[in-house]
Amino acid sequence: MDRLGRAPGHALLHGDPCPGNDLHTPAGTRFVDFEQASLGNGLTELAYLRIGFPTCWCVTATPAALLERAENAYLAQWRTATGSRITGAELRDGLADACAGWLLRGDALVERARREGADHLARMARRDWKWGTATARQRFVHRLGVVGRTAADRPALAGVSALAGAMRRHAAALWPALRPLPTKRP
């Protein structure tokens, strides 16, 4: 968690950039519903695509080709807007950290109205529940896989990658009927 606390950034974050909080117009996509907006590291929201839209009812697994296009576009736009020379490796480091942060947030397994006062990670181990397009366990297993893959080539996160991979394999054995997240929203 120390790495997450040191993540630099003063970007305006939407706070809930989910499908459904977007309007598609002839001029492009516009986001609405800014009640969760804050300042922070923009990679937190870019990680939404990898981690499966963690605060959304309509969680999805983004296909690899779309992830690559979105992350490259983000990197190009970031460089243009800030003059920063952020590298692809720095981008991947930040994404790995942000994905690990979303994995650890058990309150991102339930809708906003139910996020306070319960340890949802512990509750999920005892029983599963559905929120929108997926169950809590489906979301968790997906996030374990994302963190395992995203952190795999990041030396500082090798242990996190190994732990996430082992936990994912154990969860798949424990809950063999779990299906992967959908790749498209309804």
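Small disclaimer: the values here were computed from a predicted structure and weren't measured.

Enquirer: Lay out the overall build of the protein chain in plain terms, naming residues and giving numbers.
Expert: Of regular secondary structure, the protein chain possesses seven helices and six strands. Starting at the N terminus, the α and β elements of the protein chain follow one another as α-β-β-β-β-α-α-α-α-β-β-α-α. Expected size for 186 residues packed as a compact globule is a radius of gyration near 16 Å; at 16 Å, the protein chain falls within 12% of this value. For the protein chain, the C-alpha atoms occupy an extent of roughly 50 × 40 × 35 Å along the three principal directions. Of all 186 residues assigned to the protein chain, the portion counted as buried reaches 42%. A fraction of 64% describes how many contacts in the protein chain between residues 6 or more apart in sequence connect residues 24 or more apart. Surface accessibility of the protein chain: about 10400 Å² in total, with carbon and sulfur atoms responsible for 58%. Put simply, the protein chain has 26 plus and 17 minus side-chain charges, and the middle of one group is 6 Å from the middle of the other.

Enquirer: Outline the environment of N41, supporting the account with residue identities and numerical values.
Expert: Mapped onto the elements of the fold, N41 is located in the loop between strand 4 (38-40) and helix 2 (43-51). You can call N41 buried: its relative accessible area is 17%. The sequence separation of N41 and L13 amounts to 28 residues, and the corresponding C-alpha distance is 7.7 Å.

Enquirer: Before we move on, can you summarise the pairing of strand 3 (residues 28-31) with the specific residues and values?
Expert: Two strands pair when backbone bridges link them, and strand 2 (residues 22-25) and strand 3 are joined in this way by four bridges, in the antiparallel orientation. Paired with D22 across the strands is F31, a residue of strand 3.

Enquirer: How would you sum up helix 2? Please name residues and give values.
Expert: For helix 2, the set of buried residues is L43, E45, L46, A47, Y48 and I51. Those residues of helix 2 hidden inside the fold are in contact with strand 1 (11-13), helix 3 (64-82), helix 4 (88-104) and helix 6 (136-151). A positive backbone phi angle near 95 degrees is found at G52, which sits one or two residues after helix 2.

Enquirer: Please provide a residue-by-residue account of the packing of helix 6 against helix 7 (residues 158-174), values included.
Expert: Between helix 6 and helix 7, whose axes approach to 8 Å, the crossing angle comes to 145 degrees. The hand of the helix 6/helix 7 crossing is left-handed. For the pair helix 6 and helix 7, contact is made by F140, V141, L144, G145, V147, G148 and A151 and by V160, S161, A164, M167, R168 and A171, respectively. Considered class by class, the residues forming the contact of helix 6 with helix 7 number nine nonpolar, three polar and one charged.

Enquirer: Can you explain the nonpolar core? Please cite residues and give values.
Expert: M124 and V147 are the most contacted members of the largest nonpolar core, which totals 32 residues. Those elements giving two or more residues to this core turn out to be helix 2, helix 4, helix 6 and helix 7. Here the element with the most residues in this core is helix 4; it accounts for seven residues. Sequence-distant contacts of M124, that is, excluding residues within four places in its chain, are made with L109, W129, A136, R137, F140 and W175.

Enquirer: Explain the packing of helix 4 against helix 6 to me, using residue names and the numbers behind them.
Expert: Relative to each other, helix 4 and helix 6 sit at 155 degrees, their axes nearing to 9 Å. Our classification of the angle between helix 4 and helix 6 gives roughly antiparallel. In the crossing of helix 4 with helix 6, the sense of the turn from one axis to the other is left-handed. Contact with helix 4, carried on its side by L95, A96, C99, A100, W102 and L103, involves F140, R143, L144, V146, V147, T150 and A151 of helix 6 and no other residues of that element.

Conventions used here
Residues numbered from 1 in each chain as written. Predicted model: local features only at pLDDT ≥ 70, side-chain atom pairs only at ≥ 80, totals over all residues. Heavy atoms only, no water. Helix = DSSP H or I, 4+ residues; strand = E, 2+ residues; numbered from the N terminus. Rg over C-alpha atoms; globule rule 2.2 N^0.38 Å. Buried < 20%, exposed > 50% of the residue type's maximum accessible area, 1.4 Å probe, protein only. Contact = heavy atoms within 4.5 Å. Areas by Shrake-Rupley, 256 points an atom, 1.4 Å probe, with all protein chains shown as cover. Lys, Arg positive; Asp, Glu negative; His and termini not counted. Charge placed at Lys NZ, Arg CZ, Asp CG, Glu CD. Pairing = 2+ DSSP bridges. Axes fitted to C-alpha atoms, helices over the stretch in contact; angles between N-to-C directions. Left-handed = near helix turned anticlockwise from the far one by under 90°. Nonpolar A, V, L, I, M, F, W, Y, C, P; charged D, E, K, R; others polar. Core = buried A, V, L, I, M, F, W, Y, C linked by side-chain atoms within 4.5 Å. Parallel < 35°, antiparallel > 145°, perpendicular 65-115°, else oblique.

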